[in-house]
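Listed here are the chains, written in short residue letters.
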Amino acid sequence: MIQIEFDRLSSDLRAIAKKIPLHWGRVQNNSYDDNINMFVINSYEELEKAIERLDEPHKNYLRRRWYLWQCSKCDEFLFYCNDNADKNPNPRDKTYDVLFDHRLGFDIKGTVIPKSMRGDVEKVIIDQQEMVDFFYDEQSKGRRYDIQNRLFIVHHSFVDPMREFYLRCAWGSKRKVYKLFCDSFSKINFMKTHNVLAGVIFILERELNVVETKIAGL
């Protein structure tokens, strides 16, 4: 991806956010994934044509999966814009998405605070260990299952948790905090879990349309 492609895609994702379901409807699984070849679909219009013969639960599942994959491409690009962040040259390699400081790779995962922990979000923001352990323990057991270093981009709106996609598309704020993460990489205290390293960047909204960010361990 180059800058002009990012500009187009990031704008498109913000525009279609209201069309995307906020819930999977069921646990991510290989069977639903295999209904289409998601990786050759470059626009929402193409996606709708590909899923038009499926029932509504399948459609909503694939709409959300496709949208989050496109968001992840934008997130990764914003990391690659920094001098000490290198893209994995092998797109089929599951060990990492971004290599930081030319030495330590992390898989990038965009996500939200688990429902079971939203009763005390401030506690999660202060101490992320329980949440991170949960992400590894409860991940899908399909072909995407793996244990590797991960950087979780955690989105949460105190205004309304339904504003998840507003935060996923907060590209200006994300660009700034990802640069800070890259510039400060050697100073960050990463968590240890499942014999790997994990980091967390929070993208938060405490007031309507005001984005706040936090890098855990910095």
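From a predicted model like this one, the values you see are computed outputs, not experimental measurements. (Residues numbered from 1 in each chain as written. Predicted model: local features only at pLDDT ≥ 70, side-chain atom pairs only at ≥ 80, totals over all residues. Heavy atoms only, no water.)

> Which parts of the structure should I look at to understand the side chain of Gln148?
Inspection of the secondary structure puts Gln148 in the loop between helix H6 (129-137) and strand E4 (150-157). In this structure Gln148 comes out as buried when scored by relative accessible area, which is 8%. Polar contacts involving the side chain of Gln148 include one to the main-chain carbonyl oxygen of Lys94, which spans 2.8 Å. Discounting residues that sit within four places of it in the chain, Gln148 has contacts with Lys94, Thr95, Asp107, Tyr136, Val196 and Leu197. (Helix = DSSP H or I, 4+ residues; strand = E, 2+ residues; numbered from the N terminus. Buried < 20%, exposed > 50% of the residue type's maximum accessible area, 1.4 Å probe, protein only. Polar contact = N/O pair within 3.5 Å; in protein donor to acceptor, adjacent residues only side chain to side chain. Contact = heavy atoms within 4.5 Å.)

> What exactly am I supposed to notice about the pattern of salt bridges here?
Between side chains of opposite charge, a pair can form when the charged atoms approach closely. Across all of its chains, the model carries 13 salt bridges by this definition. Of the charged contacts in the structure, one is a salt bridge between Arg163 and Glu205, with a shortest N-O distance of 2.7 Å. Of the two residues, Arg163 is situated in the loop between E4 and helix H7 (164-168) and Glu205 in strand E6 (residues 196-207); the sequence distance between them amounts to 42 residues. One network of salt bridges, with partners in common, ties together Glu48, Glu56 and Arg63. (Salt bridge = Lys/Arg side-chain N within 4 Å of Asp/Glu carboxyl O.)

> Sorry, what's going on with the nonpolar core here?
Note on soluble globular proteins: their nonpolar side chains tend to be buried together. Counting 46 residues, the largest nonpolar core has Trp66, Tyr67, Phe79, Phe100, Leu151, Phe181 and Ile201 as its most contacted members. No other element matches the 11 residues that helix H4 (residues 56-80) contributes to this core. Beyond its immediate chain neighbours, meaning those up to four positions away, Ile201 contacts Phe79, Leu151, Phe152, Ile153, Val154, Val177, Tyr178, Phe181, Lys214 and Ile215. Membership of the second largest hydrophobic core comes to 18 residues, among which are Ile125, Phe152, Val196 and Leu204. (Core = buried A, V, L, I, M, F, W, Y, C linked by side-chain atoms within 4.5 Å.)

> I'm lost on the side chain of Asp75 in this one. Help?
Here Asp75 is to be found in helix H4. Residue classification places Asp75 among the buried residues on the basis of a relative accessible area of 3%. For Asp75, the residues in contact, after removing those within four places along its chain, are Trp171, Lys174 and Tyr178.

> I'm lost on the packing of aromatic side chains in this one. Help?
The description of two aromatic rings rests on the distance between their centres and on the angle between their planes. Under the criterion given, the structure shown has 18 aromatic pairs. Here the aromatic rings of Phe100 and Phe185 are separated by 5.2 Å at their centres, their planes lie at 20°, and the arrangement is stacked. Remark: Phe185 occurs in the loop between helix H8 (171-183) and strand E5 (191-193) and Phe100 occurs in strand E2 (residues 98-100); sequence separation between them is 85 residues. With relative accessibility at 0%, the residue Phe100 sits in the buried group. With 5.0 Å between their ring centres and 35° between their planes, Phe106 and Phe190 make a pair best called tilted. On the criterion of sequence distance, the pair formed by Phe106 in strand E3 (residues 104-112) and Phe190 in the loop between H8 and E5 is long-range, its members being 84 residues apart. (Phe/Tyr/Trp six-rings, centres within 6.5 Å; stacked < 30°, edge-to-face > 60°.)

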